[in-house]
Amino acid sequence: MPELPEVEVVRRGLADHAAGRVITKAEVMHPRAVRRHVPGARDFEARLAGQRIDAARRRGKYLWVELSGGDAMIAHLGMSGQMLVRPVGAPDEKHLRVRLSFDDDGPELRFVDQRTFGGLALSDVVEVDGDRLPSPVAHIARDPMDPAFDQAAVVQAMRRKHTDVKRALLDQTLVSGIGNIYADEALWRVKLHWARPTDRLTAPKTAALLDAAAEVMNEALAVGGTSFDALYVNINGQSGYFDRSLNVYGQEGKPCARCGRPIRREAFMNRSSFSCPRCQPRPASAS
């Protein structure tokens, strides 16, 4: 699933290529692409026509555009969703699900989704702590790259929880934007095993972990995010290159860049967690 850097890459593309433009027509090619829009495809199309895209926004891994009518269009990228800018008349992609046309006759905005786990939906907007958010995103916490992120408060909240540290990092109501990839990378940087209990972490160590998460996500953002296959692309269809810089995630059996021990893979929440057995020893309480 795309995490903060990959979503931010798409958000920047939308800001550059869609903000300020007026939608003349929305076409839903597959109803599953708007299944989260409960009134249905025809309502989705009718409500978008004539609206201007005012801005592209993100909170954590959640992406939306603000519309001139006061509502928002949320884009759920899922496992394979792509927001692509394409010239008018360019051949349709095999898995094109939604097309937006604009009054300037310029490039279209297309939502392409091979696996149809993603989708688009219109939502009302509410104010939360001074920010305007779509209602489905209102419960999502700020992310470490948000200028208003209160690291001290998050450190306290993490240390009050009785859970393993990786579960806390993935809790989007506590700190948003971090997924499996960047959680593993941040934990490796501060030499913590994913099963270390949060209530046994010191405040400085917890702060260092959040710093490491922000650091690794900024590095990934600088090279377009992490692309493991052709489905993870920016708005122009280009892949990111951070997968070449990953230290532990997906590196099972390869030598740790710090100590040389083979990276291990462990089962975690129906997926995998990667770490170095020497740099990140498993806590005795989790054995």
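For the chain, an unreviewed UniProt entry supplies the name Formamidopyrimidine-DNA glycosylase and the organism Kibdelosporangium persicum. Entered under Subunit (unreviewed entry) in the UniProt record, the comment concerning the chain runs "Monomer." Recorded in UniProt under Sequence similarities (unreviewed entry), the annotation for the chain is "Belongs to the FPG family."

A. Main features of the side chain of threonine 206. Mapped onto the elements of the fold, threonine 206 is located in helix H6 (residues 203-222). Judged by its relative accessible area of 0%, threonine 206 is buried. In this structure threonine 206 touches Val155, Met158, Arg159 and Leu201, once residues within four positions along its chain are discounted.

B. Looking closely at the packing of aromatic side chains. With the rule as written, the count across this model stands at 2 aromatic pairs. Relative to phenylalanine 268, the ring of tryptophan 194 has its centre 4.9 Å away and its plane inclined at 65 degrees; by these criteria the two rings are edge-to-face. Pair noted here: tryptophan 194 is in the loop between helix H5 (180-189) and H6 and phenylalanine 268 is in strand S11 (residues 264-268), with a separation of 74 residues, a long-range link. Measuring from ring centre to ring centre gives 5.3 Å for tyrosine 249 and phenylalanine 274, while their planes differ by 70 degrees; the resulting arrangement is edge-to-face. A residue pair is termed long-range when its members are at least 10 positions apart, and tyrosine 249 in the loop between H6 and S11 and phenylalanine 274 in strand S12 (residues 271-275) qualify at 25 residues. Note that arginine 21 overlies the ring of phenylalanine 102, its terminal NZ or CZ placed 3.9 Å from the centroid. Taking the ring centre of tryptophan 188 as reference, the NZ or CZ of arginine 258 above it sits at 3.9 Å.

C. Molecular detail of the sheet that holds strand S3 (residues 62-67). Read from one edge to the other, the open sheet built from 4 strands follows the order S2-S3-S4-S8, with strand pairing classed as antiparallel. Where the open sheet ends on each side, the last strands, each with one partner, are strand S2 (53-59) and strand S8 (119-123). The average undirected angle you get between the axes of adjacent strands in this sheet is 25 degrees. Examined bridge by bridge, S3 and strand S4 (residues 72-76) share 4 bridges and lie antiparallel to one another.

D. Main features of the sheet that holds strand S6 (residues 96-102). Taken in spatial order, the 4 strands line up as S1-S6-S7-S5 in an open sheet, and their pairing is antiparallel. Looking at which strands have only one partner, the edges of the open sheet turn out to be strand S1 (23-28) and strand S5 (81-86). Between one strand axis and the next, the sheet turns through 15 degrees on average, direction left out of account. Looking at chain direction, S1 and S6 are connected through 5 bridges and run antiparallel. Its bridge partner lying in S6, glutamate 27 is registered against arginine 99. Strand contacts of helix H2 (residues 41-48): S1 and S6, with the helix running at about 170 degrees to S1, the strand carrying the most contacts.

Cut-offs used in this document
- Residues numbered from 1 in each chain as written.
- Predicted model: local features only at pLDDT ≥ 70, side-chain atom pairs only at ≥ 80, totals over all residues.
- Heavy atoms only, no water.
- UniProt positions renumbered as here; feature names shortened; annotations may be inferred.
- Helix = DSSP H or I, 4+ residues; strand = E, 2+ residues; numbered from the N terminus.
- Buried < 20%, exposed > 50% of the residue type's maximum accessible area, 1.4 Å probe, protein only.
- Contact = heavy atoms within 4.5 Å.
- Phe/Tyr/Trp six-rings, centres within 6.5 Å; stacked < 30°, edge-to-face > 60°.
- Lys NZ or Arg CZ within 6 Å of the ring centre and 35° of its normal.
- Pairing = 2+ DSSP bridges.
- Axes fitted to C-alpha atoms, helices over the stretch in contact; angles between N-to-C directions.

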